Amino acid sequence: MKKRSGLIVVALLAIALAEYGIRETQTNRIFARLNDDNNNDTKREIVQLLIAGCPKKETYSIMPHYIAERVFGRCRSFTQAQLSGVDFSELNLSGTTFIDTDFSGANFYNAKLTGTDMSQSNLSGADIRFATFTDANLRRVNLSEATLYHGLYRNTDFSSANFSGARLIQARIADSDFSNANFSNAFVYKSSFFSTRLNSANLSDATFSGDHLGSASLTNVNLSNTLFLSTLLRPNKTLTKNQLERENPPLICNSPLPQPMNSQVSEYRDCNNLAQILQQRHPEEFPSREEVNIHFEAAICDSFVSRNVEMAGYEPITCSEQS
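*Asks:* Tell me what's going on with the overall build of the protein, and back it up with residues and numbers.
*Replies:* On a plain count of helices and strands, the protein comes out with seven helices and 13 strands. Per-residue burial over the protein gives 46% buried out of 323 residues. The contacts in the protein between residues at least 6 apart in sequence include a share of 22% that link residues at least 24 apart.

Printed below as a string of structure tokens:
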């Protein structure tokens, strides 16, 4: 009886392996179409088909791959795939692997990426609004000129990533790593960097407006010509006076500095010409002087109301009328 049961198990296993072999051959053929098909809608459908089982990866991590795929669906890894301009909006890309993949100009609106590996991939010019990244690997990704709007980024590795010219708007970032990242010429607005490492990052010529950098690690950060407008720096324990006064120092306006540094460097020292500099740096963000003035005054007044402090030229009643 035991011998018969053993033979049945072996037979079922052989059938499962044979089915897996057929399925893997089909998967490889479908995958090959990604680089041959120029239709982005078709590419979205192919990716959906090939990653259907990936969100369940953690559930079946100890299960043999051929059984897991039969139960939950395929979970194909992608390397150097051509997915430029593809619409991934609203998709659950959790548990997927996209290494060194071309996502330039792709759309990740409201996508979910938990445990996703996109390391070394090209996301230049990508639309990443309202996306959620948790426990994700985006090490050495290219996010130049990308738009990251209202996103949630928790425990995500952005080390050595390229954010040059990117727009990071109202992003909620926590426990993430931006060490050695390049933010040159980026526009960062009303974003929070809680318990985030920016060590040795390049923030030169970047603009931070209304942001929270109080608990971020800024050790050895390049702040050459970085613009800080109404950005909270006071609780920061890693920022040094030398970073604020070296050659091509950061431009500071209404940005509370750490104590006792605040008594040595004025948090208002560069306010006079900041509106003009903002428009010169970000003409697409502020196409007219009126728009940049509105942004500048709103940033000052938002901070004024929340902190209840005084600044020359901005009376309490003026700010309360604008709010």
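*Asks:* Please give an account of the sheet that holds strand S12 (residues 227-229) that cites residues and values.
*Replies:* Here we have six strands laid out as an open sheet, ordered S5-S7-S9-S11-S12-S13, and parallel in their pairing. Looking along the sheet, the strands with just one partner apiece sit at the ends: strand S5 (147-149) and strand S13 (251-253). With direction set aside, neighbouring strand axes in the sheet form an average angle of 5 degrees. Against the sheet, helix H5 (residues 274-281) touches strand S11 (207-209), S12 and S13, its axis set at about 125 degrees to S12.

*Asks:* Which residues make up the pattern of salt bridges, and what values do they have?
*Replies:* Scanning the entire structure with this criterion turns up eight salt bridges. Put simply, Asp87 and Arg44 hold a salt bridge, and the shortest N to O gap is 3.9 Å. Of the two residues, Asp87 sits in the loop between strand S1 (78-79) and strand S2 (98-99) while Arg44 sits in helix H2 (residues 40-50), which places them 43 residues apart along the sequence. Residue class for Asp87 comes out partly exposed when judged on its relative accessible area of 31%. The salt bridge involving Arg129 is made with Asp127; its shortest N-O contact spans 2.8 Å.

*Asks:* Tell me about the side chain of Ser209, residues and numbers included.
*Replies:* By secondary structure assignment, the location of Ser209 is in strand S11. Residue classification places Ser209 among the buried positions, given a relative accessible area of 0%. A polar contact of 2.9 Å, which involves the side chain of Ser209, links it to the side chain of His295. Leave out the neighbours within four places in its chain, and Ser209 touches Val188, Tyr189, Lys190, Leu229, Thr231, His295 and Ala299.

*Asks:* Any chance you could break down the state of the cysteines for me, citing the residues and the numbers?
*Replies:* The tally for this structure, following the rule as stated, stands at two disulfides. Here Cys54 is linked by a disulfide to Cys75, with a sulfur-sulfur distance of 2.2 Å. Here the S-S torsion is close to 105 degrees, and the disulfide linking Cys54 with Cys75 is therefore right-handed. Of this pair, Cys54 sits in the loop between H2 and helix H3 (65-72) while Cys75 is found in the loop between H3 and S1, placing the two residues 21 residues apart along the sequence. Take Cys54: its relative accessible area is 1%, and that puts it in the buried class.

*Asks:* Can you break down the nonpolar core residue by residue, with the values?
*Replies:* By size, the foremost hydrophobic cluster in this structure holds 65 residues, and its most contacted members are Phe88, Phe108, Ile128, Phe163, Phe183 and Leu198. Elements with a contribution of two residues or more to this core: helix H1 (2-36) and H2. Among the elements that line this core, the one with the most residues is H2, at three residues. Leaving out residues up to four positions away in the same chain, Phe108 has contacts with Phe88, Ser89, Leu93, Phe103, Met118, Leu123, Asp127, Ile128, Arg129 and Ala131. In terms of nonpolar packing, the next biggest core, distinct from the first, is built from 15 residues, Phe187, Leu274, Phe296 and Ile300 among them.

Parameters at a glance
- Think of each chain on its own: its residues are numbered from 1, step by step along the sequence as written.
- This being a predicted model, a pLDDT of at least 70 is required before a residue's local features are given, and a value of 80 or more before pairs of side-chain atoms are given or counted; all residues contribute to the totals for chains, interfaces and linings.
- Note: side-chain values were computed over all heavy atoms of the structure, leaving out hydrogens and water.
- Secondary structure is summarised from DSSP: a helix means a run of H or I of at least four residues, a strand means a run of E of at least two, and numbering begins at the N terminus for each.
- Type-normalised accessible area, obtained with a 1.4 Å probe on protein chains alone, sets the label of each residue: buried when under 20%, exposed when over 50%, and partly exposed for intermediate values.
- In what follows, a contact means two residues having at least one pair of non-hydrogen atoms within 4.5 Å.
- Two strands qualify as a pair provided DSSP detects at least 2 bridges between them.
- Between the N-to-C directions of two axes lies an angle of 0 to 180 degrees, each axis being a line fitted to C-alpha atoms and, for a helix, fitted only over the stretch in contact.
- Each reported salt bridge corresponds to a side-chain nitrogen of Lys or Arg within 4 Å of a carboxyl oxygen of Asp or Glu.
- Here a polar contact is taken to be a pair of N or O atoms separated by no more than 3.5 Å, where protein atoms must pair a possible hydrogen donor with a possible acceptor and residues adjacent in sequence count only if both atoms sit in side chains.
- Disulfides are defined as pairs of cysteine sulfur atoms found within 2.5 Å of each other.
- What we call a nonpolar core is a set of buried Ala, Val, Leu, Ile, Met, Phe, Trp, Tyr and Cys residues that are connected through their side-chain atoms within 4.5 Å.

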